[in-house]
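Residue strings, one per chain:
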Amino acid sequence: MEIDFLHRNIFSIDWATVLFVLTFAAIVITRVTFPNRFDDFLRLAVSNKYLSTYRDSNNMKSGFTISMFFVQMISLSLFIHYIVSLTGYSQVSNFAAYLRILSILVFFVLVKYFLEKIIAVCFNMEDFAEQYNLVKVSYRSYVGLLFFPVIAIMFYNRFSFHHILWIVVGLFLLFNIILFGLLLKNHQKTFNQFLFYFILYLCTFEIAPYIILYRWFVVSKT
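Quick caveat, the model's predicted, so the values are computed rather than measured.

A. Fine view of the overall build of the chain. Within the chain, the regular secondary structure consists of nine helices and zero strands. Looking at the 222 residues of the chain, the share that counts as buried comes to 38%. Partitioning the contacts of the chain with sequence separation of at least 6, the portion at a separation of at least 24 is 78%.

B. A look at the side chain of Ser75. Of note, Ser75 is situated in helix α4 (residues 63-87). Excluding residues that lie within four positions of it along the chain, Ser75 makes contacts with Gly144, Phe148 and Ile151.

C. Focus on empty space enclosed by the protein. If you walk through the whole model with that rule in mind, you get two cavities of 30 Å³ or more. By volume, the largest cavity amounts to about 40 Å³. Broken down by secondary-structure element, the contributors of at least two residues to the lining of the largest cavity are α4 and α6 (126-156). By residue number, the principal contributor to the lining of the largest cavity is α6, which donates four residues. Across the lining of the largest cavity, the residue classes break down as six nonpolar, three polar and no charged.

D. Geometry of the pattern of salt bridges. A full pass over the atoms with the stated rule returns three salt bridges. Arg31 is the salt-bridge partner of Asp39, the closest N and O atoms lying 3.4 Å from each other. The exposure class assigned to Asp39 is partly exposed, which follows from its relative accessible area of 24%. By relative accessible area, Arg31 is classed as partly exposed at 34%. Linking Asp40 and Lys49 is a salt bridge whose minimum nitrogen-to-oxygen distance equals 3.8 Å. A relative accessible area of 46% places Lys49 in the partly exposed class. In the salt-bridge network here, residues are joined through shared partners; they are Asp40, Arg43 and Lys49.

E. Looking closely at helix α2 (residues 35-42). Every buried residue of α2 is accounted for by Arg37, Phe38, Asp40 and Phe41. Looking straight down α2, one finds that the buried residues subtend no more than 160° of arc, so they occupy a single side. Tucked into the core, α2 has its buried residues touching α1 (14-33), α3 (49-53), α4 and α6.

F. Expanded view of the packing of α1 against α4. Contact geometry for α1 and α4: axes closest at 10 Å, N-to-C directions at 155°. Here α1 is positioned roughly antiparallel relative to α4, judged by the angle of their axes. With respect to the hand of their crossing, α1 and α4 are arranged in left-handed fashion. Contact residues: Trp15, Leu19, Phe20, Leu22, Thr23, Ala26, Ile27 and Thr30 in α1; Phe64, Ser67, Met68, Phe70, Val71, Ile74, Leu78 and His81 in α4. Within the contact of α1 with α4, the residues separate by chemical class into 12 nonpolar, four polar and no charged.

Cut-offs and rules
Residues numbered from 1 in each chain as written. Predicted model: local features only at pLDDT ≥ 70, side-chain atom pairs only at ≥ 80, totals over all residues. Heavy atoms only, no water. Helix = DSSP H or I, 4+ residues; strand = E, 2+ residues; numbered from the N terminus. Buried < 20%, exposed > 50% of the residue type's maximum accessible area, 1.4 Å probe, protein only. Contact = heavy atoms within 4.5 Å. 1 Å grid on protein atoms, 1.4 Å probe; cavity = no way out; pocket = protein on both sides within 12 Å on 5 of 7 lines; lining within 4 Å. Points joined across faces, edges and corners; volume = space filled by probe spheres on them. Nonpolar A, V, L, I, M, F, W, Y, C, P; charged D, E, K, R; others polar. Salt bridge = Lys/Arg side-chain N within 4 Å of Asp/Glu carboxyl O. Arc of directions from axis to C-beta. Axes fitted to C-alpha atoms, helices over the stretch in contact; angles between N-to-C directions. Parallel < 35°, antiparallel > 145°, perpendicular 65-115°, else oblique. Left-handed = near helix turned anticlockwise from the far one by under 90°.

The structure is reproduced here in structure tokens:
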């Protein structure tokens, strides 16, 4: 009697499928609940209507902003997890590794946000900080929404590291640079009023944290 042993495939990303479904459901619910706002949000790259309409600081705590922030966090954490898996430090099917990335990302964003508020109070620039954070969250949530289907395709199609890594990272950085340029252009008068504080704010909270994270990641892996 001859017995053939078949290798069992233990590669599974069922947890990612659940996350994609939940995130898609959040997008659909947000679209149904806030139809006009969602339509304005989709035109954020070509129109300033969304930011001029929903510029009140209370919108930072609205259900729409929270829902889009959820989409942003899931998209970005899945993107980072996928890139880390391509470098060989983890497996794309490793749910525990993904949870660590998601936890660090959410912790980093929240701590950064509260530190920004403290600095804003110290320099008596709360209104500027609220407006800037609202605009920043809107643009980054927009990038997260746009990249959501791209990340889904990446997860279910294993691409070569050299091809997909630099293309997707390059597109991600390009989108962020373009949207940040639009932010500066559309709110130039506001930034001119707080030019010194804005430069300090930019260097302290938009450049230094990512340099520190990069250095920490490189040193911890060497």
